[in-house]
Amino acid sequence: MTETTEAVSVKTHRATPSRRGPSPTGGSPRIPGSRGRALRRATPWLFLTAPLALLITFTYVPVGNMIYYSFTDWDGISPDRNFTGLDNYVQIFTRPELFRVFFVSVYYLAASAVQIVIALYFATVLSFDLRFRNLFKGLLFFPYLINGVAIGFVFLYFFQDGGTLDTVLSWFGQNPDHAWLGDAGSANTSLAGVSVWRYTGLNFVLFLGAIQSIPGELYEAAQLDGATRWQQFRHIIAPSIRPVLSLSVILAISGSLAVFEIPWIMTGGATGTSTFVIQTVKLAFQFNKTGLASAAAVVLLLIILLITWIQRRLVPDEKVDLV
C-alpha cells in the first residue's frame, strides 16, 4: 500500500507542469512581470524602426534642410551659406514675375475638374453590367501607366505645325494656320488637355473601386422601387463615394499647383507655360539661387497644406450609412 501511494505521488508530481517551464500547449515560457509588458510595448516600435528611419531620412530631413536653406543666400555649390532672414520670402511676394506663374495653375485646375467629371461618369456607367466593360476599363486606365516623359514627346509631335492634330483637322476641311504651342493661351490649354488625357485613369480607378464596394442589395432595392439610373447615382453612389471624391479634389488641387513633367518636356516653360515648380527648378539649377528656390518650395508646400486644411474643414469626412 505504501509503495502504491509513493508511485502515484511520483506520477502526479511529474505530470504537474512547472510555472517556469513551457506551457502545456507547447508554447514559449511566459515572461513574468514588467519585463513582459515592456517587451509587448516595444514590439510595434521594433517593426516600425525601418519604415520610420526611411521616412525621416528621405522626407523630414530634406524638408528640414529646405527650410534652413530658404533663410540663406546659398547658391547650391559654395560651402558658404549666409543667413538672410526673410529676404527670400519677401522677394517671392514682391516680385511679380516670381508669383505670377501661379496663374498658370488655373488652366490645370480647370482640367482637373474636367477629368474628375469624366472619370466619375465612366466609373458610374462601367460599374453596371455592360458589354466590353473590362476593355473600356483598360483603355481608360492605360494612359496613366505610360511614362510622363514619353507622353510629353508624343504630344509634342501631336501639337507641332503640320503634326497629327493639323492632319486630322485637314481631313474635315480645316486648315488652321496656328501654332498650338506658340502663345500662352493655346499652349496652356493644350498642355492642360494632355493632363486630362493622362490622369483621368487614376481618378477613374479610385471612383470605380469605391462604387464597386457598395452593397448590391441597395441597387436591387432601388430597382424594385422604380429608381432610375440618375436616382441611383444621386441617392446611392454619390453619398457612398464622398470620401473618395474629397480625396480626388485634394489631389487635383495639389497636382495643379505642382505641375512639372508635361510643360517641362513639351515647352520647357517657354511661351508663358512656366509653372511654379518649373520656375523653382530654374532658380535652383539655372540661376544658382538655391536659397530663393527653397523659399519658393516652402511657400508652395504651405499653400497646399492651407488649401487641404480649408477643404477638410468645409467638407469633413462623415460616416456614410445607407442601410
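Here the structure is a predicted model, which is why all the values come from computation and not from measurement.

(A) Layout of the overall build of the protein. When its secondary structure is counted, the protein shows 15 helices and zero strands. Expressed as a percentage of its 323 residues, the buried residues of the protein come to 31%. Long-range pairs, those at least 24 residues apart, make up 66% of the contacts in the protein between residues at least 6 apart in sequence. Carbon and sulfur atoms make up 65% of the accessible area of the protein, which totals about 20900 Å².

(B) Structural context of the nonpolar core. Residues Tyr219 and Ile237 are the most contacted members of the largest nonpolar core, which totals 20 residues. Of all hydrophobic cores here, the second largest spans 19 residues; its members include Met66, Tyr89, Leu257 and Ala295.

(C) Up close: helix H7 (residues 148-159). For H7, which comprises 12 residues, the first-to-last C-alpha distance of 16 Å matches the rise-based estimate of 16 Å (1.5 Å per residue) to within 8%. Every buried residue of H7 is listed here: Gly148, Ile151, Gly152, Phe155 and Phe159. End-on view of H7: buried residues confined to an arc of 100°, all on one side of the axis. Residues of H7 that are exposed and angled more than 90 degrees away from the buried face: Val154 and Tyr157. Here the buried face of H7 lies against helix H6 (133-145), helix H8 (164-171), helix H9 (184-212) and helix H13 (261-266). The opening residue of H7 is Asn147, an N-cap whose side-chain oxygen sits 2.8 Å from the backbone nitrogen of Val149.

(D) Molecular detail of the packing of aromatic side chains. What the rule picks out here adds up to 15 aromatic pairs. A ring pair is formed by Phe141 and Tyr144, whose centres lie 5.9 Å apart and whose planes are at 45°; its orientation type is tilted. Remark: Tyr144 and Phe141 occur in helix H6; sequence separation between them is three residues, near one turn of the helix. When its relative accessible area of 25% is taken as the criterion, Phe141 is described as partly exposed. Looking at Tyr144, the relative accessible area reads 30%, which means it is partly exposed. Aromatic ring contacts, followed pair by pair, group Phe155, Phe158, Phe159 and Trp197 into a single cluster. For the cation-ring pair, Arg229 lies above Phe128, with the distance from its terminal atom to the ring centre recorded as 3.9 Å.

(E) Representation of the side chain of Gln279 in the model. As for its position among the elements, Gln279 is in helix H14 (residues 276-285). Of the residues examined, Gln279 reaches a relative accessible area of 10% and is grouped as buried. The contacts of Gln279, once residues within four sequence positions are left out, are Glu97, Leu98, Val101 and Ser274.

(F) Molecular detail of helix H12 (residues 242-257). Over its 16 residues, H12 runs 23 Å from end to end, which matches the ideal 22 Å to within 8%, given 1.5 Å per residue. Of all the positions in H12, only Ser246, Ser248, Ile250, Ala252, Ser256 and Leu257 are classed as buried. In the core, the buried residues of H12 are packed alongside helix H5 (105-126), H9, H14 and helix H15 (290-314).

Rules behind the numbers
- Residues numbered from 1 in each chain as written.
- Predicted model: local features only at pLDDT ≥ 70, side-chain atom pairs only at ≥ 80, totals over all residues.
- Heavy atoms only, no water.
- Helix = DSSP H or I, 4+ residues; strand = E, 2+ residues; numbered from the N terminus.
- Buried < 20%, exposed > 50% of the residue type's maximum accessible area, 1.4 Å probe, protein only.
- Contact = heavy atoms within 4.5 Å.
- Areas by Shrake-Rupley, 256 points an atom, 1.4 Å probe, with all protein chains shown as cover.
- Core = buried A, V, L, I, M, F, W, Y, C linked by side-chain atoms within 4.5 Å.
- Expected span 1.5 Å × (residues − 1).
- Arc of directions from axis to C-beta.
- Polar contact = N/O pair within 3.5 Å; in protein donor to acceptor, adjacent residues only side chain to side chain.
- Phe/Tyr/Trp six-rings, centres within 6.5 Å; stacked < 30°, edge-to-face > 60°.
- Lys NZ or Arg CZ within 6 Å of the ring centre and 35° of its normal.

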